[in-house]
Amino acid sequence: MTFEFGCFRLDLVRDQLFRGSQPLHLRPKTFAVLRYLVENAERLVTKDELLDAVWPGVAVNEEAAARHVREVRDALGDRRKPPEYVEIVHRRGFRFVASVRSSGKDTGGAFDHLGRARATLGLAPDPATNPADTSFVGRRRELATVRGFFADDSPAPALFAVAGEAGIGKTRFLAECAAAAVDAGHAVHVGRCLESESQLPFWPCVQIIRSIVQDQPRSHVRSWLGPGLVDLARLLPEIGDGGDIAPPPDPEQARFRLFDSVAALVRGAAGVQRLVLVFDDFHAADSASLLLLTTILREASLGRVRILAAYREQEARASERVRAFFARHPCEDTSRSAVLGGLDEDEFSTLVGTLAGSDVDAETVAALHFRTNGNPYFCRELWRHLVDDG
């Protein structure tokens, strides 16, 4: 897939910007900023949206975004007034203003869904760019269960729980689930809960809602929401008209209207394409997100929305709000839950061989398996330590 604007060509396959036939060097994050602005040409991209898209789950100040935008403008020689390529909208964000032509394979479908999902999970958007990221082994039974869950379009309970200890591979498993959903023709949207004391209300839901909005023509979103667009704009300012939005005087009314708008958005998007909504680090979910997810689950009961939530068991049990959520929405049925344990010896041997790039003797594999209890993360870290120490 390539985008052309002026004398420039942005090649997404090679991750390269060209001026004519001359390749231009950009730092990886600067390239990611340019790509995001080009893919969202002609609309205002707020500073917060850009930070969320390029630095998902990482605390970065606004100056970082501004600095990379300046690098983009320098690379494009964009020094005119008015700007030829990137407009800086004071105190609000950025807009790519040049006319953009696209060619090649359309990344607006399956690849884009999967790439965006993997990026939000903290993985390389394209696994082929990171060989270590392709070393997913085992979990065949659990993946088969998830595929059956996706295929079920009955109005059955729509929540699937993925549990496991730290390092067991829940996030990597979610990426495989996302790939299976895309293969089945679903749109995948991911939110990642923040594991910090100063939690942002609705954060994982904001990521998912933003992803849904980015997928849809603006006219569709406006049609689905009607007057509720204003209410959703309080949570997602970039979808508004840029004016100040006064909050309703009654907080309960404000919450009801917001939740109703989110439900309308999910209902509309699910009418276009079945949705899979993924929540990672669910043990850290904030109270506001759990309340909103209950509303989304009512829409999901119609059969065109499926929701995955992955969490660390010990932390989830210690969280009163997460325990209360699962008491209201139990996932005890084996068709709607998976507990990820350590890899068995055969699976573990495959993982070690992948990390080593060749077969490893059985005695070494057995010793590693014993020391890590089959935990993939511990295996990778221990193997890296052994390699570093020679």
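Below or above, wherever it landed, is the structure these notes cover. Because the structure is predicted, anything quoted here is derived from the model rather than measured.

On to the overall build of the protein chain. When helices and strands are counted, the protein chain shows 16 helices and 13 strands. Looking at the protein chain as a whole, 49% of its 390 residues qualify as buried. Across the protein chain, contacts joining residues at least 24 apart in sequence account for 70% of those joining residues at least 6 apart. Of the roughly 19100 Å² of accessible surface on the protein chain, 51% is carried by carbon and sulfur atoms.

The strand order E10-E11-E12-E9-E13 describes an open sheet built from five strands, whose pairing is parallel. Unpaired on one side and paired on the other, strand E10 (187-192) and strand E13 (337-340) mark the two borders of the sheet. Sheet twist, expressed as the average angle between the axes of neighbouring strands with direction ignored, equals 15°. Looking at chain direction, E10 and strand E11 (residues 275-280) are connected through six bridges and run parallel. Counterpart to His189 in the pairing with E11 is Leu277. Strand contacts of helix H5 (residues 140-151): strand E9 (159-164), E11, strand E12 (305-312) and E13, with the helix running at about 150° to E12, the strand carrying the most contacts. Here helix H6 (residues 170-183) sits on the sheet and contacts E9, E10, E11, E12 and E13; the angle it forms with E12, its principal contact strand, is near 170°.

The N-to-C vectors of helix H14 (residues 345-356) and helix H15 (residues 362-372) enclose an angle of 110°; their axes lie 10 Å apart at closest approach. As far as their axial angle goes, H15 and H14 are roughly perpendicular. For the pair H14 and H15, the contacting residues are Glu345, Phe348, Ser349 and Val352 in the first and Val365, Leu368, His369 and Thr372 in the second. By residue class, the composition of the contact of H14 with H15 is four nonpolar, three polar and one charged.

Our focus in this paragraph is the nonpolar core. Ile209, Leu275, Leu277, Phe279, Phe282, Ile307 and Phe326 are the most contacted members of the largest nonpolar core, which has 50 residues in total. Ranked by the residues each element gives to this core, the list is headed by helix H10 (residues 251-272), at eight residues. Non-local contacts of Leu277, meaning those with residues more than four positions away in its chain, are made with His189, Ile208, Ile212, Ile296, Val305, Arg306, Ile307 and Leu308. Within the second largest apolar cluster, 29 residues are counted, among which are Leu17, Val45, Ala65 and Val72.

Bringing the pairing of strand E2 (residues 8-11) into the picture now. Pairing of strand E1 (residues 2-5) with E2, which is carried by four bridges, proceeds in the antiparallel orientation. Residue Glu4 lies in a different strand from E2, and its bridge partner there is Arg9. Joining the antiparallel neighbours E1 and E2 is a turn of two residues, in which Gly6 adopts a positive phi near 55°. Summarising the sheet, E2 and strand E3 (residues 16-19) pair through four bridges and their orientation is antiparallel. Residue pairing in the sheet places Asp11 in a bridge with Gln16 of E3.

Moving on to the pattern of salt bridges. Summed over all chains, the structure comprises 19 salt bridges. The partner of Glu62 in a salt bridge is Lys47, with the nearest N and O atoms 3.7 Å apart. With a gap of 15 residues between them, Glu62 in helix H3 (residues 62-76) and Lys47 in helix H2 (residues 47-54) connect regions that are remote in the sequence. As a salt-bridge pair, Asp78 and Arg73 come within 3.6 Å of each other at their nearest N and O atoms. One salt-bridge network, held together by shared partners, links Arg192, Asp280 and Asp281.

It is worth spelling out the sheet that holds strand E6 (residues 86-89) at this point. Strand order in the open sheet made by the three strands is E5-E7-E6, with antiparallel pairing throughout. Each of the sheet's edge strands pairs with one partner strand only, and the pair in question is strand E5 (45-46) and E6. With four bridges joining them, E6 and strand E7 (residues 93-96) adopt antiparallel strand pairing. Pairing of Val86 across the sheet is with Phe96, part of E7. Lying on the sheet, helix H1 (residues 28-39) is in contact with E5, E6 and E7; it crosses E7 at an angle near 65°.

Moving on to the side chain of Asp231. Mapped onto the elements of the fold, Asp231 is located in helix H9 (residues 228-233). Exposure remark for Asp231: the relative accessible area of 6% places this residue in the buried category. Setting aside its immediate chain neighbours within four residues, Asp231 contacts Arg257, Leu258 and Ser261.

So, on to the packing of aromatic side chains. On inspection of all chains with the given rule, the structure shows 14 aromatic pairs. Aromatic pair Phe5 and Phe8: ring centres 6.0 Å apart, planes at 25°, arrangement stacked. Phe5 gets classed as buried once you look at its relative accessible area, which sits at 0%. Ring centres of Phe5 and Phe96 lie 5.0 Å apart, and the angle between their planes is 80°; this geometry places the pair in the edge-to-face category. With a gap of 91 residues between them, Phe5 in strand E1 and Phe96 in strand E7 connect regions that are remote in the sequence. By the burial criterion, Phe5 is buried, and Phe96 matches it.

Criteria and thresholds
- Residues numbered from 1 in each chain as written.
- Predicted model: local features only at pLDDT ≥ 70, side-chain atom pairs only at ≥ 80, totals over all residues.
- Heavy atoms only, no water.
- Helix = DSSP H or I, 4+ residues; strand = E, 2+ residues; numbered from the N terminus.
- Buried < 20%, exposed > 50% of the residue type's maximum accessible area, 1.4 Å probe, protein only.
- Contact = heavy atoms within 4.5 Å.
- Areas by Shrake-Rupley, 256 points an atom, 1.4 Å probe, with all protein chains shown as cover.
- Pairing = 2+ DSSP bridges.
- Axes fitted to C-alpha atoms, helices over the stretch in contact; angles between N-to-C directions.
- Parallel < 35°, antiparallel > 145°, perpendicular 65-115°, else oblique.
- Nonpolar A, V, L, I, M, F, W, Y, C, P; charged D, E, K, R; others polar.
- Core = buried A, V, L, I, M, F, W, Y, C linked by side-chain atoms within 4.5 Å.
- Salt bridge = Lys/Arg side-chain N within 4 Å of Asp/Glu carboxyl O.
- Phe/Tyr/Trp six-rings, centres within 6.5 Å; stacked < 30°, edge-to-face > 60°.

Honestly, that's just the spatial picture; any functional story needs more than this.
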